[in-house]
Amino acid sequence: MEIIKPGTTIDFLGKRRTFVTASFALVLLILVLIPLRVNLGVDFAGGTEIEVKFHRAVEVEKLRGQVAEAGFGGASVQQIGSADENAFLIRVGQVSVLSDEDLERYREAFARELSSYGFVGLSFNPSTGDLLDLRTEREVPEAELLRAARAAGLPLTQRDEPVRNLTRAGQPAYQFVIQGLSDKVSEALQAEFGQDVEVRRVEFVGPQVGKQLRNRGIMAVLLAMVGIVLYVLFRFDVRFAPGTLVGLVHDVVITTGYWVVTGREFNLTSIAVLLTVVGYSVNDKVVVFDRVREVAARRKGMSLYDTINTAVNETLSRTIVTGLTTVIALLGFLVFARGSIFDFSAAMILGILAGTYSSIFVAGPIALVVDRWVQKRETERKVHESKTAQA
Amino acid sequence: MEGRFFGRIGLVVAVVLVAIYFLVPTFVYFSLPPDQRNDKEAFEAALPSWAPKKRMTLGLDLQGGVHLVMGVDVDKAVRDRIERRADEMRAWADREGLAYASIEVDPSRDSVRTSFASEQDAAAFRTAAESYWGDMRRLAGDRWVFDPVFLEQFRESAVDQALRTIRDRVDRWGVTEPTIAKRGSDGILVQLPGFTDPERAKELLGKTAQLEFRLTAEDEANEALSRITDLPEGVTRGHDGYQAYLQSADRKLLEKVLEGKAPEGTRFFIGRVEQRDAIGVAGPAVYRSYLLRSKVELTGDKLTDARVAVEQGGLGAGRPYVAITFDKEGARIFSELTGANVGRRLAIVLDDTVNSAPVINSKIPDGNAQITLGTANYNQALEEANDLVLVLRSGALPAPVSIFEERTVGASLGPELVRSGSTAAIIGLVLVIAFMIAYYRRQGVVASAALLLNGLLILAALSSVGATLTLPGIAGFVLTLGMAVDANVLISERIREELRAGRTGKAAIREGYRRAFTAIFDSNVTTLIAAFVLLQYGTGPVRGFAVTLSIGIIASFFTAVYVTRVINEFLLARGAQTVSV
């Protein structure tokens with residue numbers, strides 16, 4: 001069986017303007033849309049995500065209302081899997097059950113209740129949503145602390161030790177443990193659905209960690225690109241490095257287009273997809289450039305235009321077949337997986353298709369353009385030199 | 001030729017056998033019913049004695065459990081320490097009769113400012129303080145800051161303290177195969193497989209460590225233990241020269257035996273016995289009982305510092321010990337306590353676990369005590385001293401911890417993901433093999449055999465290092481197989497080209513392999529670069545994916561290039577005249 005007949009000679013470079021322009025336009029469009037449309041998941045934006053499953057039919061709208069009623073109006077509720085699974089993903093952007101206004105209210109109440117102990121301050125522990133720090137001038141007995149908390153209406157945890165004594169070196173300091181956000185959501189759902197609801201997964205990422213992960217993710221993708229381009233520089237010709245790099249950026253941006261179009265969550269797994277696409281894409285282009293190197297050695301005197309065209313044609317069958325087998329391998333996940341692994345597979349397939357396309361239509365033309373530009377500069381320099389010599 | 005040829009086949013067969021050997025524990029593990037898998041004894045009983053011990057484990061996303069990253073508030077610990085140092089300086093100036101105008105923590109909270117009534121006192125304080133507090137430096141205007149080197153050590157030790165506290169607590173719950181490790185400069189990663197109550201975990205791990213000093217109850221212990229006549233298997237008796245105790249490797253069992261057996265006014269506690277062999281390597285954990293008085297004599301918040309020091313002169317010169325300092329009130333209580341109980345033992349209890357029970361040698365009036373260690377071996381004594389300092393500081397100078405990251409997977413989700421993940425993987429694999437055979441005919445069959453071997457090698461490698469299998473790991477496995485086929489695609493395409501160029505079957509195969517090699521090599525190296533970056537960056541499931549990808553690429557050099565070539569040569573030697581691609 002053959003997909004590409006032997007001896008195929010398609011003039012890919014001749015149509016380079018059309019393909020390169022179309023690619024550039026698409027890449028630019030996606031780049032513009034990334035900040036507007038990419039939906040950062042809790043991994044990068046911070047926040048809480050809860051996956052629940054119901055043992056009876058529940059409508060998204062009803063669930064959304066329930067979550068809003070529990071005090072999370074801004075939460076997003078998505079159905080996952082097929083409709084009869086009754087599984088949902090609830091995402092709350094905030095980290096704590098308390099808003100700033102709540103905190104202000106509690107602060108006033110504590111100042112009033114604990115005035116005889118010299119109230120100093122009440123503040124959020126910035127890295128986590130379920131701890132409140134209290135400072136006073138004089139030590140406060142535990143019973144008094146609990147009384148004040150009740151009077152203020154603080155949603156303390158139901159577990160033991162809702163207040164911790166952190167007094168050190170004679171400086172009174174206490175910490176209240178308030179109800180965790182996921183606890184509050186599941187409590188509200190249990191009140192409504194009883195035994196029919198099951199909390200299957202909870203993810204919480206603090207805002208600081210989110211920022212850290214995001215920066216490291218960007219760094220990782222850039223680092224991989226730089227490393228690979230350096231390898232191409234070292235193993236091949238300087239002229240091939242720009243083609244590889246442009247192809248890489250093209251493939252990574254097109255892959256990101258998956259999240260732009262679908263609005264699905266961009267998370268840690270997405271970074272893994274991008275890095276794999278980087279690896280795959282270069283893999284593909286290296287094979288083409290390896291053939292360019294070989295053709296050039298075989299047929300001395302052939303123009304670069306023809307050399308690249310020959311190499312792309314000779315490797316065309318392999319480029320397509322490898323892309324195909326990799327896509328085929330992932331098809332099972334498109335059918336059977338859901339949630340983040342579905343996104344993983346779908347985006348990966350898009351990335352592989354982009355990589356296959358750019359190996360044929362983008363990398364070669366760029367190498368040619370770079371080569372012509374270098375030659376033009378070279379001739380100009382020579383002309384310039386000869387002119388100066390004449391003068 | 002013949003001999004070398006059989007040698008090659010022998011190598012391939014040997015690799016397959018070794019791979020199967022390493023897969024045995026993983027196979028045994030997954031053939032156990034799910035509820036018995038994490039039972040160490042059941043697993044070891046089912047495992048043949050000749051098999052390796054390491055096996056693949058299911059990641060938290062596939063078996064359910066809690067993943068937490070706790071952040072240690074190191075800055076707060078540093079500020080607390082500065083405040084305490086100011087207290088110590090005031091107390092010391094008082095004692096030395098130096099009249100200070102003020103010794104206060106600077107508003108920036110990173111230094112202590114001192115000012116004295118007379119320049120004479122100020123100078124006296126400076127000279128004395130510089131030699132007394134070697135970990136501080138004096139800046140202009142009598143501002144005292146911690147030396148950066150000490151500060152760095154202190155920050156590190158604040159994280160170590162928190163790590164130790166968390167490890168002890170997890171140890172006590174009996175969670176199977178927990179992961180507790182430092183992450184970054186101030187984070188602690190805690191993974192509890194099978195533990196599905198995150199709120200409970202967060203609360204227990206976030207609690208401040210409680211340090212207590214309690215007197216031992218020797219006579220009561222001897223009497224109470226003599227009354228326990230029937231010991232279950234695994235619990236043995238011992239005597240430490242002061243009191244009798246029970247000992248067992250199973251903490252829960254020990255607690256059960258002792259339940260309700262403590263005489264009035266006393267309570268049984270558990271301590272960990274460090275068992276070391278002749279060269280000082282720590283053995284498996286063993287627990288022993290201590291009978292202590294119910295009354296808490298002193299708590300950790302009265303302690304201002306604990307550090308390792310080395311004896312300067314005398315008989316024990318050069319021996320490490322632990323120096324502890326109490327605050328004013330603590331010093332008073334400690335003086336009375338030690339005065340009334342010379343010759344008895346005072347147990348150091350952190351979070352209800354006894355660390356040690358040193359003997360009170362004499363009355364300690366000034367709040368500066370020394371704890372000498374029983375071990376004669378210098379390195380061991382130093383290790384014990386460091387550990388004791390961590391325990392004391394955990395109770396005295398706790399660095400608050402908070403939750404940076406939490407991921408919990410319920411018990412029911414995991415099996416469902418394993419099912420759908422493996423179904424998807426098998427479908428992907430079957431489709432790839434079907435395509436390869438349809439497209440490349442006999443070369444497709446050869447490539448598929450290599451592909452299956454590649455899969456086997458990946459699984460064996462993961463199993464032999466005890467890797468964790470995650471859902472992205474499964475997807476990565478399949479993706480890797482899809483990409484590993486690339487080498488065979490390159491070779492097969494090359495063989496087709498050579499055949500078209502008019503070469504015979506044998507020559508076409510030889511040239512196909514030779515010419516495809518540079519492309520295979522270069523393309524695999526670039527993918528490896530991406531995989532290694534991912535390995536550096538990734539955590540948890542993503543890391544599992546990167547590991548699979550790297551192993552798969554390396555394995556494909558062997559399977560797709562070497563093994564298929566051996567098979568092809570074998571087929572040609574068997575008299576196959578044509579090459580079918």
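Residues numbered from 1 in each chain as written. Chains lettered and ligands numbered in written order. Predicted model: local features only at pLDDT ≥ 70, side-chain atom pairs only at ≥ 80, totals over all residues.

Chemist: Hey, could you run me through the overall build of chain A in this one?
Modeler: When its secondary structure is counted, chain A shows 12 helices and 10 strands. Residues counted as buried form 48% of the 391 residues belonging to chain A. A separation of at least 24 residues holds for 72% of the contacts in chain A among residues at least 6 apart in sequence. (Helix = DSSP H or I, 4+ residues; strand = E, 2+ residues; numbered from the N terminus. Buried ≥ 20, exposed ≤ 12 C-beta atoms within 10 Å, placed from the backbone. Contact = placed C-beta atoms within 7 Å.)

Chemist: I would appreciate a short explanation of the packing of helix α11 (residues 340-361) of chain A against helix α13 (residues 471-500) of chain B in the present structure.
Modeler: Axis angle and axis distance: for two packed helices, these are the angle between their axes and the distance between the axes, and together they describe the pair. Relative to each other, α11 of chain A and α13 of chain B sit at 25 degrees, their axes nearing to 10 Å. In terms of orientation, α11 of chain A and α13 of chain B fall into the roughly parallel class. Note on packing geometry: the crossing formed by α11 of chain A with α13 of chain B is right-handed. Along its contact with α11 of chain A, which presents I341, F344, S345 and M348 of chain A, the element α13 of chain B presents L471, P472, A475 and L479 of chain B. (Axes fitted to C-alpha atoms, helices over the stretch in contact; angles between N-to-C directions. Parallel < 35°, antiparallel > 145°, perpendicular 65-115°, else oblique. Left-handed = near helix turned anticlockwise from the far one by under 90°.)

Chemist: I keep staring at the domain arrangement of chain A and nothing clicks. Help me out?
Modeler: Frequently, the measure chosen for interface size is the accessible area removed from exposure when the parts meet. Segmenting chain A into domains produces domain 1 (13-41 + 206-380), domain 2 (48-96 + 182-205) and domain 3 (100-179). Here the C-alpha centre of domain 3 of chain A lies 55 Å away from the C-alpha centre of domain 1 of chain A. (Domains from an automatic or database assignment.)

Chemist: What should I look at first to understand the pairing of strand β11 (residues 244-248) of chain B in this one?
Modeler: Regular strands show a simple pattern: their side chains alternate between the two faces of the sheet. Residues and elements named next belong to chain B. Pairing analysis gives five bridges linking strand β10 (residues 235-239) to β11, with the strands arranged antiparallel. Bridging from a neighbouring strand, V235 pairs with S248 of β11. Where β10 folds back on β11, the antiparallel hairpin that results is connected by four residues, among which G241 adopts a positive phi of roughly 95 degrees. Where β11 and strand β13 (residues 286-293) come together, two bridges link them in antiparallel fashion. In the strand pairing of β13, S248 is matched with Y287. (Pairing = 2+ DSSP bridges.)

Chemist: Is there a simple way to think about helix α7 (residues 198-206) of chain B in this case?
Modeler: Because each turn of an α-helix spans 3.6 residues, side chains separated by three or four positions end up pointing in the same direction. Taken together, the buried positions of α7 of chain B are occupied by P198, E199, A201, K202, L205 and G206 of chain B. Seen end-on, α7 of chain B carries its buried residues on one side only, within an arc spanning 165 degrees. Where α7 of chain B is buried, its residues touch α6 (181-193) and β9 (197-205) of chain A together with β2 (65-72), α6 (148-173), β8 (187-193) and β20 (401-409) of chain B. (Arc of directions from axis to C-beta.)

Chemist: Would you explain the sheet that holds β9 of chain A in this entry?
Modeler: The strands making up a sheet associate through hydrogen bonds between their backbones, and the pairing can be parallel or antiparallel. Strand order in this open sheet of eight strands is β3(A)-β4(A)-β2(A)-β9(A)-β20(B)-β2(B)-β8(B)-β7(B), and the pairing throughout is antiparallel. Edge positions in the sheet fall to β3 (76-80) of chain A together with β7 (179-183) of chain B, since each has one partner strand and no second. With strand direction ignored, the average angle separating the axes of adjacent strands in the sheet is 20 degrees. Where β3 of chain A and strand β4 (residues 87-92) of chain A come together, five bridges link them in antiparallel fashion. In the strand pairing of β4 of chain A, I80 of chain A is matched with A87 of chain A. The strands that helix α7 (residues 207-235) of chain A touches are β9 of chain A together with β2 and β20 of chain B; relative to β20 of chain B, the one it contacts most, it runs at about 70 degrees.

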